[in-house]
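The chain contents come next:
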Amino acid sequence: MNYFNYYTEIEDAFVRRRGKHLFLSPMDWALMETWKEQGIPLHLILRGIERSFDSFESKPRKRSVKTLLYCQEEVEAQFAEWLESRVGANPPANPETDKADTSFSPEAVREYLKHSRVALSELARSQNNDSLSEALTRAVSILKEIENDLDAGAQLNTRRLEDSLTSLERMLNDALITAVPGDELSATQNELKKQLKDYRKQMEAEPYNQMFNNLLLKRLREKYQIPRLSLFYL
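By convention here, each chain's residues receive numbers from 1 onward along its written sequence. Where totals are concerned, whole chains, interfaces and linings use all residues; where local detail is concerned, this predicted model gives features only for residues with pLDDT of at least 70, and gives and counts side-chain atom pairs only at 80 or more. To obtain the side-chain values, all non-hydrogen atoms of the structure were used and water was disregarded.

### A short note on the overall build of the protein
Scanning the protein for helices and strands turns up 11 helices and zero strands. Helix and strand labels come from DSSP, where a helix needs a run of H or I of at least four residues and a strand needs a run of E of at least two; each type is numbered from the N terminus. Reading the protein from its N terminus to its C terminus gives the helix and strand order α-α-α-α-α-α-α-α-α-α-α. C-alpha atoms of the protein, sized along the principal axes, occupy 55 × 45 × 40 Å. For each residue, the accessible area found with a 1.4 Å probe, counting protein chains only, is set against the maximum for its type, and the residue is called buried under 20%, exposed over 50%, and partly exposed in between. The buried share of the protein, taken over its 234 residues, is 42%. Accessible area for the protein stands at about 13,700 Å²; split by element, carbon and sulfur atoms hold 48% of it. Neither His nor the chain ends is counted toward charge; the positive residues are Lys and Arg and the negative residues Asp and Glu. Note that the charge is assigned to NZ on lysines, CZ on arginines, CG on aspartates and CD on glutamates. For the protein, the distance from the average site of its 33 positive side-chain charges to the average site of its 37 negative ones is 6 Å. To measure how exposed things are, a 1.4 Å probe is used in the Shrake-Rupley method; for residues, cover is taken only from the protein chains shown.

As structure tokens, this is what we get:
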């Protein structure tokens, strides 16, 4: 299993069980990011989706499943059982996550890095906020260093590269949160709280907060046109 298929495998499983195509919402994507950050293995999520739909289909209902959040409780129950079963056990080697190689070609990765660097550079020049502009400029500089290493013959290790890109995204996220005016940030947070009101009671505090923060960052990145850097978006 390609490491970068984490999201697409979840989406495909959900769409397949739902029975007809449905674009996942920003809220669903935020939930998937939360599962990934929690370290929930893909096979547990797929099992949770399958069992959620099995349960749903065992009882005739008028409404259909429209959101991945329907599967959230079962997925986290599967994860909790899995963690309990591993107490005291030595973690096995995971050939999936240890793999350095993926289907990405060096040429495609170089082009992606260049495209991201140019976009961030243009955004940095257009920014009025000094702290955000500085963070964007730092990200541009680091991306250029990575490009130079690859051009000099460094071996492409996409897993390590993904770690570096994730670190850059976190730096930009922190700068973005600081740069957004307080009243604008509060208004966006209040809007999301209303949107997630029905789900707040169904979720534990930690995954809810992670999903809320992921959705908040997604909303702000889109507004300020800050591109994602993960190789998942290649």
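Past the structure itself, the notes keep going.
### Some points on the environment of Lys 66
Structurally, Lys 66 is set in the loop between helix 3 (42–57) and helix 4 (72–85). When the C-alpha positions of Lys 66 and Glu 11 are compared, they lie 13 Å apart, and in sequence the two are 55 residues distant. Pairs of residues are marked as contacts when any of their non-hydrogen atoms sit within 4.5 Å. In this view, Lys 66 contacts Phe 14, Arg 18 and Leu 22; residues no more than four positions away in its chain are not counted.

### Some words on the packing of helix 2 (residues 26–38) against helix 4
Axes here mean lines fitted to C-alpha atoms, for a helix over just the part in contact, with angles spanning 0 to 180 degrees between N-to-C directions. The interhelical angle for the contact between helix 2 and helix 4, taken along N-to-C directions, is 5 degrees, at an axis separation of 12 Å. Viewed along their axes, helix 2 and helix 4 adopt a mutual orientation that is roughly parallel. For the pair helix 2 and helix 4, contact is made by Leu 31, Trp 35 and Gln 38 and by Gln 72, Val 75, Glu 76 and Phe 79, respectively. For the contact of helix 2 with helix 4, a count of residues per class yields four nonpolar, two polar and one charged. Convention used here: angles under 35 degrees read as roughly parallel, angles over 145 as roughly antiparallel, angles from 65 to 115 as roughly perpendicular, and any remaining angle as oblique. In this count, Pro and Cys sit with the nonpolar residues alongside Ala, Val, Leu, Ile, Met, Phe, Trp and Tyr, while Asp, Glu, Lys and Arg are called charged and the others, Gly among them, polar.

### Examining the pattern of salt bridges
Should a side-chain nitrogen of Lys or Arg be within 4 Å of a carboxyl oxygen of Asp or Glu, the pair is scored as a salt bridge. The full count for this structure, using the stated rule, is 11 salt bridges. Ionic pairing is found between Arg 16 and Glu 50, a salt bridge with its closest N-O pair at 2.4 Å. Taken together, the residues Arg 16 in helix 1 (residues 6–18) and Glu 50 in helix 3 connect sequence positions 34 residues apart. The partly exposed category is assigned to Glu 50, whose relative accessible area is 25%. Between Glu 184 and Lys 223 there is a salt bridge; the shortest N-O distance is 3.0 Å.

### Side note on helix 2
Look at helix 2: 18 Å from first C-alpha to last across 13 residues, which is about the 18 Å you get at 1.5 Å a residue. Regarding helix 2, the residues found buried are Met 27, Asp 28, Ala 30, Leu 31, Met 32, Glu 33, Thr 34 and Trp 35. Against the buried residues of helix 2 lie helix 1, helix 3, helix 4, helix 9 (182–195), helix 10 (197–200) and helix 11 (205–224). Where helix 2 ends, the next residue or the one after it, Gly 39, has phi of about 80 degrees, a positive value. A helix's residues, less one, multiplied by 1.5 Å, set its expected span.

### Details of helix 9
The terminal C-alpha atoms of helix 9, which comprises 14 residues, lie 20 Å apart, in line with the 20 Å expected from a rise of 1.5 Å per residue. What helix 9 keeps buried is the set Glu 184, Leu 185, Thr 188 and Leu 192. Considered in projection along helix 9, the buried side chains sweep an arc of 100 degrees and stay on one side of the axis. The exposed residues of helix 9 that point more than 90 degrees off its buried face are Asp 183 and Lys 194. By arc we mean the arc of the directions from the helix axis to the C-beta atoms, nothing more.

### Comments concerning the packing of helix 2 against helix 11
Running from N to C, helix 2 and helix 11 point in directions that differ by 125 degrees, and their axes come no closer than 8 Å. Taken together, the axes of helix 2 and helix 11 lie oblique to each other. The way helix 2 lies across helix 11 gives a crossing that is right-handed. In contact with Pro 26, Met 27, Ala 30, Leu 31, Glu 33, Thr 34, Glu 37 and Gln 38 of helix 2, helix 11 contributes Pro 207, Gln 210, Met 211, Asn 214, Leu 215, Lys 218 and Arg 221. Grouping the constituent residues of the contact of helix 2 with helix 11 by class yields seven nonpolar, four polar and four charged. By definition, turning the near helix anticlockwise from the far helix through less than a right angle yields a left-handed crossing, and turning it clockwise yields a right-handed one.

### Concerning unusual backbone geometry
Phi at Gln 225 takes a positive value of approximately 60 degrees, unusual for a residue other than glycine. Tracing the sequence through the fold places Gln 225 in the segment after helix 11. Taking the relative accessible area as the measure of exposure, Gln 225 reaches 61% and is therefore exposed.

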